[in-house]
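# Survey of secondary and tertiary structure
In case you want the letters, here they are:
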Amino acid sequence: MIRAGVVGATGYAGAELVRLLSGHPCAELAAISSVSFQGKPLSEVYPAYYQLCDRICGTQEEVVEQSDVVFAALPHGLSQELAKECFEKGKVFIDLGADFRLENEEDYQEWYGGTYRYPELHEASVYALPELFREAIRGKKILANPGCYTTAVPLALAPALKNGLIQKEGILADCKSGVTGAGRKLTQNTHYPELNEGMSAYKVASHRHTPEMEQSLSRVAGSKVKITFVPHLLPVNRGILATCYAKLTDGVTMEQMQNAYREAYGEEYFIRLLPQGREADIKNVRYSNFCDISLHIDTRTNTFIAISAIDNMVKGAAGQAIQNMNLVFGFNETTGLKLFPPAF
Ligand SMILES: NC(=O)C1=CN([C@@H]2O[C@H](COP(=O)(O)OP(=O)(O)OC[C@H]3O[C@@H](n4cnc5c(N)ncnc54)[C@H](OP(=O)(O)O)[C@@H]3O)[C@@H](O)[C@H]2O)C=CC1
Ligand SMILES: CC(=O)N[C@@H](CCC(=O)OP(=O)(O)O)C(=O)O
């Protein structure tokens, strides 16, 4: 049994980590922390956890001391000091935020407005999207867990890009997110009457996930890829639907495309390639670590369309973080994550 701790357990990602860790056969929840709810049981914050996790929220320091692996589910900008402390104490650190995701500090400065205080930690860290970069993750102690859009879009496009089946210019990612993606804090645009019965885009072609997706896609393609990314807010709790468009390379057929995706993902438990004629749907991946992908070609306009669906809180956050924990501790990657999505 390894000991797992969650810093920021009272947020949505932290609470989801607690839920998933409670069913993990090789990890026990050792400690949780909060600033606002210190000294209070987590079940007071989330009544659904009553008698299941009445653990008291402690301090960040207690989590580090009592854990072999520390998950940070904090707002961006708060992870660097914590990572340093974990690294010095030989703990595995898995960051659900963005502080270690971008390779270039200039990109981080531009999109997040911070600096890399400990460059050596960034050198030691790895971008942990297992289905694309698995081998680089093994043996690492600082893991940058991708976010929801930045999981859904690269997984949808990677095999087509890697095999040169689509053109690198003009890729569009049109994405929809459930409201839990915005976290637990209250804001006007996530207020029920403002959101319900509506659907709107936000941060059009200016969202800070853009450089992160481009980083993954460029690595896979072997040269710089730029995309246009437009996120939308959906009036549902969970889910990311990523509809990605690209111009096909001349002459590419659906059979070639399907072969490339089967070769890339055929052995991946968490990626479900849907049969032709079905479309990925956020309803079918809720509460699971699955990423459903459907492939489509518009022969009239020579356009490839890949649609992926994930649960933003699971494959887009806590589930993927536990998948990464499994990977670095040498457990089967699916341990504790064979979550059956509800049918309706
Ligand atoms: N929600 C999602 O779908 C996804 C989120 N993420 C990332 O995960 C991280 C957490 O997101 P999410 O759970 O949604 O956010 P929430 O706003 O729901 O939770 C934030 C957590 O951070 C804690 N916190 C806030 N400010 C501070 C502070 N100054 N010092 C210490 N703790 C603090 C809060 O604790 P308290 O108030 O109790 O002290 C709370 O537990 C973010 O980096 C986010 O980008 C990644 C992928 C998907
Ligand atoms: C609906 C909503 O607001 N979603 C969040 C993304 C949540 C997420 O993936 O968090 P990371 O920033 O850690 O990747 C957003 O658009 O910023």
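As the structure is a prediction and not an experimental result, all values here were calculated from the model. One numbering rule holds for all chains: residues counted from 1, following each sequence as written. Chains and ligands are labelled by the order in which they are written, letters from A for the one and numbers from 1 for the other. Owing to the predicted nature of the model, reporting of local features is limited to residues with pLDDT of at least 70; listing and counting of side-chain atom pairs is limited to 80 or more, with chain, interface and lining totals taken over all residues. Only hydrogens and water are removed before side-chain values are computed, so all heavy atoms of the structure are retained for them.

Moving on: the site of ligand 2. For each residue, the test is whether any non-hydrogen atom lies within 4 Å of the molecule or strand; if one does, the residue is near. Contacts to ligand 2 come from 14 residues, most closely from Arg 101, Cys 148, Tyr 202, His 207 and His 209. Distance and chemistry together define a polar contact, namely a pair of N or O atoms within 3.5 Å, with one atom able to donate a hydrogen and the other to accept it when in protein, and with adjacent residues in sequence counting only for side-chain atoms on both sides. Gly 181 is positioned with one of its backbone polar atoms (N or O) 3.2 Å from a nitrogen atom of ligand 2. Note that an oxygen atom of ligand 2 is positioned 2.6 Å from one of the side-chain N or O atoms of Tyr 202. Calculation on ligand 2 without its partners gives an accessible area of 430 Å², and the protein chains cover 85% of this total. Taken domain by domain, the makeup of the shell around ligand 2 includes at least three residues from each of domain 1 (2-146 + 315-329) and domain 2 (149-311). Surface accessibility follows the Shrake-Rupley procedure with a 1.4 Å probe radius. Residue values consider only the protein chains on display as shielding. Either an automatic procedure or a domain database provided the assignment from which the domain bounds are taken.

Taken together, 27 residues sit near ligand 1, with Thr 10, Ser 34, Val 35, Ser 36 and Leu 74 positioned nearest. The contact in question runs from an oxygen atom of ligand 1 to an N or O atom on the backbone of Gly 11, over 2.9 Å. Considering ligand 1 on its own, with 900 Å² of exposed area, one finds that the protein chains cover 79% of that surface. Counting from the N terminus, the helices are DSSP H or I runs at least four residues long and the strands are E runs at least two residues long. Listed by contribution, the elements that provide at least two residues to the shell around ligand 1 are α1 (12-21) and α12 (314-329).

This next bit is on the UniProt feature "domain: Semialdehyde dehydrogenase NAD-binding" (unreviewed entry) in the protein chain. According to UniProt, the feature "domain: Semialdehyde dehydrogenase NAD-binding" (unreviewed entry) maps to residues 3-140 in the numbering used here. Strand forms 17% of residues 3-140 and helix 38%; the C-alpha atoms that close the span are 17 Å apart. UniProt positions are given in the numbering used here, feature names are shortened, and annotations may be inferred rather than shown by experiment.

Another aspect to go through is the UniProt feature "active site" (unreviewed entry) in the protein chain. The UniProt feature table records "active site" (unreviewed entry) at Cys 148. Inspection of the secondary structure assignment puts Cys 148 in the loop between β6 (142-144) and α8 (149-162). Judged by its relative accessible area of 11%, Cys 148 falls in the buried class. What Cys 148 contacts, discounting residues up to four positions off in sequence, is Ile 240, Ile 310, Asn 312 and Gly 316. Here the term buried applies to any residue with accessible area under 20% of the maximum for its type, exposed to any over 50%, and partly exposed to those in between, with areas from a 1.4 Å probe on protein chains only. We call two residues in contact whenever any of their non-hydrogen atoms come within 4.5 Å of each other.

Turning our attention to the domain arrangement of the protein chain. As far as domains go, the protein chain holds domain 1 (2-146 + 315-329) and domain 2 (149-311). On a C-alpha basis, the centroid separation for the pair domain 1 and domain 2 is 25 Å. Contact with domain 1, which involves 25 residues of that partner, is made by 30 residues of domain 2. Both faces considered, domain 1 and domain 2 share a buried interface measuring about 2400 Å² in area, 55% of it formed by carbon and sulfur atoms. Here the quantity called buried area is the accessible surface, traced with a 1.4 Å probe, that two parts lose on coming together, added over both. Taken as a group, Tyr 12, Trp 111 and Lys 315 account for 28% of the area that domain 1 buries against domain 2, more than any other trio of residues on that side. One speaks of a salt bridge when a side-chain nitrogen belonging to Lys or Arg is within 4 Å of a carboxyl oxygen belonging to Asp or Glu. Counting across the domain 1 and domain 2 interface gives four salt bridges. For Glu 212, the salt bridge identified is with Arg 101, shortest N-O distance 3.1 Å. The tally of links between domain 1 and domain 2 comes to 15 residue pairs in polar contact (both at pLDDT 80 or more). Of all the secondary-structure elements, those providing two or more residues to the side of domain 1 that touches domain 2 are α1, α5 (105-112), α7 (130-137) and α12. Each residue gets one label: Ala, Val, Leu, Ile, Met, Phe, Trp, Tyr, Cys and Pro are nonpolar, Asp, Glu, Lys and Arg are charged, and the others, such as Gly, are polar. Across the side of domain 1 that touches domain 2, the residue classes tally to 12 nonpolar, six polar and seven charged.

Let us now look at the nonpolar core. Proteins that are soluble and globular tend to have nonpolar side chains buried together. Take the buried Ala, Val, Leu, Ile, Met, Phe, Trp, Tyr and Cys residues and link them wherever side-chain atoms come within 4.5 Å; each set so joined is a nonpolar core. Core analysis: the biggest nonpolar cluster contains 59 residues, and Phe 93, Val 153, Ile 166, Ile 227, Met 257, Tyr 261 and Phe 304 have the highest contact counts within it. Both of domain 1 (2-146 + 315-329) and domain 2 (149-311) provide at least three residues apiece to this core. Setting aside residues up to four positions removed in sequence, Ile 166 forms contacts with Leu 157, Ala 160, Leu 161, Ile 171, Ala 246, Lys 247, Leu 248, Thr 249, Met 257 and Phe 304. By size, the runner-up hydrophobic cluster in this structure holds 40 residues, among which are Val 6, Ala 9, Cys 53 and Val 328.

As for its position among the elements, Asn 324 is in helix α12. Apart from residues lying up to four places away in sequence, Asn 324 is in contact with Ile 94, Ala 128, Pro 130, Ile 137, Leu 143 and Asn 145.

Turning next to the sheet that holds strand β4 (residues 92-95). Taken in spatial order, the six strands of this open sheet run β2-β1-β3-β4-β6-β5, and their pairing is parallel. Because the sheet does not close on itself, it has two edges, and the strands there are β2 (27-33) and β5 (125-127). Neighbour-to-neighbour, the strand axes of this sheet turn through a mean angle of 20 degrees, independent of strand direction. Any two strands with at least two DSSP-identified bridges between them are counted as paired. Alignment of strand β3 (residues 69-72) against β4, held across four bridges, turns out to be parallel. Orientation is described by axes fitted as lines to C-alpha atoms, over the contacting stretch for helices, and by angles from 0 to 180 degrees between their N-to-C directions.

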